[in-house]
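What follows is each chain in one-letter form.
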Amino acid sequence: QVQLVESGGGLVQAGGSLRLSCAASRNIVSFNAMGWYRQAPGKQREMVATCTRDGEANYADSVKGRFTISRDNAKNTLYLQMNSLKPEDTAVYYCNARTLIVNYWGEGTLVTVSS
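Since the structure is predicted, the reported quantities are computational estimates derived from the model, not experimental observations. (Residues numbered from 1 in each chain as written. Predicted model: local features only at pLDDT ≥ 70, side-chain atom pairs only at ≥ 80, totals over all residues. Heavy atoms only, no water.)

Draft legend 1. Layout of the environment of alanine 33. Residue position: alanine 33 is located in strand E4 (residues 33-39). The spacing of alanine 33 and threonine 99 is 66 residues in sequence and 7.1 Å in space, taken between C-alpha atoms. Residues in contact with alanine 33, not counting those within four places in the same chain, are Cys51, Thr52, Asn96, Ala97 and Arg98. (Helix = DSSP H or I, 4+ residues; strand = E, 2+ residues; numbered from the N terminus. Contact = heavy atoms within 4.5 Å.)

Dropping the structure here:
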């Protein structure tokens, strides 16, 4: 069984920064890809950033230039550095890891950006 545990969310002023962490219970190299998704109140869950096993990163247009996804394989941890935060970034952020056939999700961490 794979567990993903997010941390680092909280309340921050617009323009501020947060770094989210996702600790996995096994070697993250075993996943084909990992990523961060978010769900704002009344909205569908959307992709924020993903990273493949070979290190290729992709970002939603809304966060390009502000967010950076990275991974530390030795620590089995995925990160999302969020800078220049906007109120529109307010959401529950979820860590995702997937193999060819299975999708794993954390329980989420809340990010609230006030203006």
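Draft legend 2. Geometry of the side chain of threonine 50. The topology assignment puts threonine 50 in strand E5 (residues 46-52). Looking at threonine 50, the relative accessible area reads 11%, which means it is buried. Beyond its immediate stretch of four places on either side in the chain, threonine 50 contacts Met34, Gly35, Tyr37, Glu56, Ala57, Asn58 and Ile69. (Buried < 20%, exposed > 50% of the residue type's maximum accessible area, 1.4 Å probe, protein only.)

Draft legend 3. Summary view of the state of the cysteines. Considering all chains together, one arrives at 1 disulfide under this definition. The disulfide bridge from cysteine 22 ends at cysteine 95, spanning 2.0 Å between sulfur atoms. An S-S torsion of about -80° defines the bridge between cysteine 22 and cysteine 95 as left-handed. In this pair, cysteine 22 sits in strand E3 (residues 18-24) while cysteine 95 sits in strand E9 (residues 91-98), placing the two residues 73 residues apart along the sequence. The closest cysteine sulfur to the non-disulfide-bonded cysteine 51 is located on cysteine 95, 11 Å from its own sulfur. (Disulfide = S-S within 2.5 Å.)

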